[in-house]
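Fold and contact review
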Amino acid sequence: MTNKEIVVSGIRPTGNLHLGNYFGAIKNFVKMQETNECFFFIADYHSLTTHPTPGDLQNNVKQVLIEYLAAGLDPDKATLYLQSDLPETAELYLFLNMNAYMGELERVTTFKEKARKQPDNVNAGLLTYPTLMAADIIIHKAAKVPVGKDQEQNLEMTRTYARRFNNMYSKDFFPIPTAYNFGEQLVKIPGLDGSGKMGKSEGEGNAIFLNDDPKKLKKKVMRAVTDSGPTEKNQEKPEAIQNLFSLMDVVTAPEIISQFDDQYNDCTIRYGDLKKQLAEDMINFTEPFRERIAELSSNDDYIKKVMNMGKEKARESASRTIEEVRQIIGFRKYYSI
Ligand code: TYM
């Protein structure tokens, strides 16, 4: 055990990683692995809440691990593992569910959104998504959780469940974790389709994936939603246009952004030029990821090794916590893996 601050976060294996995942989460993971004790996992249990019969779960998992590594995560610095390799998480989830209430779970925005999107499959896993997420986090007694803005409410629920456990069973047992971003504010990267956020399953034209080939990437950007242009000087930008500027914020040089901003404000902007610039900057930004993804994709032995190494380290930490939890609640004294 070290006395470094413990960090936990995860990503669902429901598609390739996109710029939203990168700027909302992974960029922080890469920085935090240098100074903290980090656990980054692939949330395959969680993916069943929306994709109950995944076509090729193993391949999706492998792809996320490859993309984690391509983005700069280092298995010698951070513990990289698969959620389902830790049965301890499922056990803690069960304990937390005993003290999680219907009313509070039904009020979670992501639950309501997903229930609306998949009315024929409003399953108990979807409802208890936040308790599983709490279990993921507190199984390692994390202090910080690097996530994007969309996970803020889930993190609030984690804090509630950690506090509740402490109040019911053992004061100060679990640290109360906080959602974290280096830039202080949690990040929300918009999509290219005019509204909302970039997401893995928001439709073809919405997301830019780290692995998109340059031609495809450019096509998506050139098709991004705009309008017919500003008609009055200094008018407020409508959402679709603001989104393009927000995307530029993460990949484009500030002086170039301010040129486009000036052009918008004096109504001389040509969206085609702005999109060309944005596409070029995104292509340059993603190029090193694409190269490393291609390299790692042919190295199955290495991927397996990373997965096994992570499993071992993660279980060591998780089994310690679950043993204590069992004792605190009053189950049998010894738990061994
Ligand atoms: P997931 O797989 O939807 O997203 C993974 C991470 O990427 C962030 N993210 C974004 N950030 C900014 N802008 C966007 N457009 C954007 N899209 C995604 C998410 O905020 C997240 O940090 N519930 C989680 C997975 C999870 C988890 C956990 C995370 C399960 N257990 C425990 C942290 C701790 C999820 O669905 O992430």
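The numbers attached to residues start from 1 for each chain and follow its sequence in the written order. Given that this is a predicted model, residues contribute local features only at a pLDDT of at least 70 and side-chain atom pairs are listed and counted only at 80 or more, while totals for whole chains, interfaces and linings are drawn from all residues. Only hydrogens and water are set aside when side-chain values are computed; all heavy atoms of the structure are taken into account.

Focus on the nonpolar core
Grouped burial of nonpolar side chains is what soluble globular proteins tend to show. Selection criterion: For our purposes a nonpolar core is just a set of buried Ala, Val, Leu, Ile, Met, Phe, Trp, Tyr and Cys residues, chained together by side-chain atoms within 4.5 Å. Partly exposed residues are those whose accessible area sits between 20% and 50% of the maximum for their type, while under 20% is buried and over 50% is exposed, using a 1.4 Å probe and protein chains only. Runs of E in the DSSP output that reach at least two residues are strands. Runs of H or I that reach at least four are helices, and both are numbered from the N terminus. Domain start and stop positions are those given by an automatic or database domain assignment.
Counting residues in each nonpolar core, the largest one holds 58 residues, and the members touching the most others are Phe-40, Leu-65, Tyr-68 and Met-282. In terms of residue count, the dominant contributor to this core is helix α13 (residues 271-297) (9 residues). Each of domain 1 (6-179 + 300-336) and domain 2 (204-294) gives at least three residues to this core. Of all hydrophobic cores here, the second largest spans 38 residues; its members include Ala-100, Ala-115, Leu-126 and Met-157.

Here we look at the packing of aromatic side chains
How two aromatic rings sit relative to each other is set out by the distance from centre to centre and by the angle between their planes. Where we set the bar: Two rings from Phe, Tyr or Trp (for Trp, the six-membered ring) form a pair when their centres sit within 6.5 Å of each other. Planes less than 30 degrees apart are called stacked, planes more than 60 degrees apart edge-to-face, and all others tilted. Geometrically, a charge over a ring is one whose NZ (Lys) or CZ (Arg) sits within 6 Å of the ring centre while staying within 35 degrees of the ring normal.
One pass over the full model with this rule turns up 15 aromatic pairs. Consider the rings of Phe-285 and Phe-289, whose centres lie 5.5 Å apart with planes at 45°: the pair is tilted. With Phe-285 and Phe-289 both in helix α13, this residue pair falls 4 residues apart, about one helical turn. Taking NZ or CZ as reference, Lys-31 lies 4.2 Å from the ring centre of Phe-182, over its face. In this structure, Arg-292 is placed above the aromatic ring of Phe-289, and the distance from its NZ or CZ to the ring centre is 5.9 Å.

Some points on the domain arrangement of the chain
For clarity, the cut-off: Buried area, as used here, totals the accessible surface that two parts lose on assembly, with accessibility defined by a 1.4 Å probe and the loss added over both. Whenever Lys or Arg places a side-chain nitrogen within 4 Å of a carboxyl oxygen from Asp or Glu, that contact is recorded as a salt bridge. In protein, a polar contact requires one atom able to donate a hydrogen and another able to accept it; more generally it is a pair of N or O atoms within 3.5 Å, and residues adjacent in sequence count only if both atoms are side-chain atoms. Asp, Glu, Lys and Arg are counted as charged, while Ala, Val, Leu, Ile, Met, Phe, Trp, Tyr, Cys and Pro are counted as nonpolar; the rest, among them Gly, fall into the polar class.
Split into domains, the chain comes out as domain 1 (6-179 + 300-336) and domain 2 (204-294). For domain 1 versus domain 2, the separation of C-alpha centres amounts to 33 Å. Where domain 1 abuts domain 2, roughly 1100 Å² becomes buried across the two surfaces, and 78% of that area is made up of carbon and sulfur atoms. Of all residues in domain 1, Leu-19, Phe-23 and Ala-70 give up the largest surface area on contact with domain 2, accounting jointly for 48% of the area buried on that side. Where domain 1 packs against domain 2, one counts 0 salt bridges. On the surface where domain 1 and domain 2 come into contact, there are 3 residue pairs in polar contact (both at pLDDT 80 or more). Broken down by element, the residue count for the side of domain 1 that touches domain 2 peaks at 4 residues, all from helix α3 (residues 57-70). Partitioning the side of domain 1 that touches domain 2 into residue classes produces 7 nonpolar, 3 polar and 1 charged.

As for the environment of Ser-84
Our working rule: Every residue pair with non-hydrogen atoms within 4.5 Å of one another is taken to be in contact.
Considering the arrangement of structural elements, one finds Ser-84 in the loop between β3 (78-82) and α4 (87-98). When the C-alpha positions of Ser-84 and Asp-44 are compared, they lie 6.5 Å apart, and in sequence the two are 40 residues distant. In this structure, Ser-84 is in contact with Asp-44 and Tyr-45, ignoring residues within four places of it in sequence. Only 2.5 Å separates the side chain of Ser-84 from the side chain of Asp-44, close enough to count as a polar contact.

Some thoughts on the pairing of β3
This is how it is decided: Here a strand pair is declared whenever DSSP counts at least two bridges between the two strands.
Of all the 5 residues making up β3, 5 are buried; the element is thus mostly covered by neighbouring parts of the structure. Residues of β3 alternate between two faces, with Ala-78, Leu-80 and Leu-82 on one and Thr-79 and Tyr-81 on the opposite face, all of them buried. Relative to β3, strand β2 (residues 37-42) runs parallel, the two being bridged by 5 bridges. Its bridge partner being in β3, Cys-38 is matched across the sheet by Ala-78.

Side note on the side chain of His-18
Its location among the elements puts His-18 in the loop between β1 (6-11) and α1 (19-32). Here Gly-20 takes part through its backbone nitrogen, which lies 3.0 Å from a polar atom of the side chain of His-18. Beyond its immediate stretch of four places on either side in the chain, His-18 contacts Met-198, Gly-199, Lys-200, Ala-207, Ile-208, Phe-209 and Leu-210.

Some words on the layout of surface pockets
For clarity, the cut-off: Buriedness of a pocket was judged along seven lines, with at least five required to meet protein on both sides within 12 Å; pockets are open sets of points on a 1 Å grid over the protein atoms alone, cavities are sets where a 1.4 Å probe fits but cannot get out, and lining residues have an atom within 4 Å of a point. Grid points are joined across faces, edges and corners, and a volume is the space filled by probe spheres set on the points.
Taken as a whole, the largest pocket encloses approximately 1200 Å³ of empty space. Arg-12, Lys-114, Asp-150, Gln-151 and Lys-197 are, among the 44 residues lining the largest pocket, the residues nearest its centre. Contributions of two or more residues to the lining of the largest pocket are made by β1, α1, α6 (109-117), α8 (129-138) and α9 (152-168). With 6 residues, the top contributor of residues to the lining of the largest pocket is α6.

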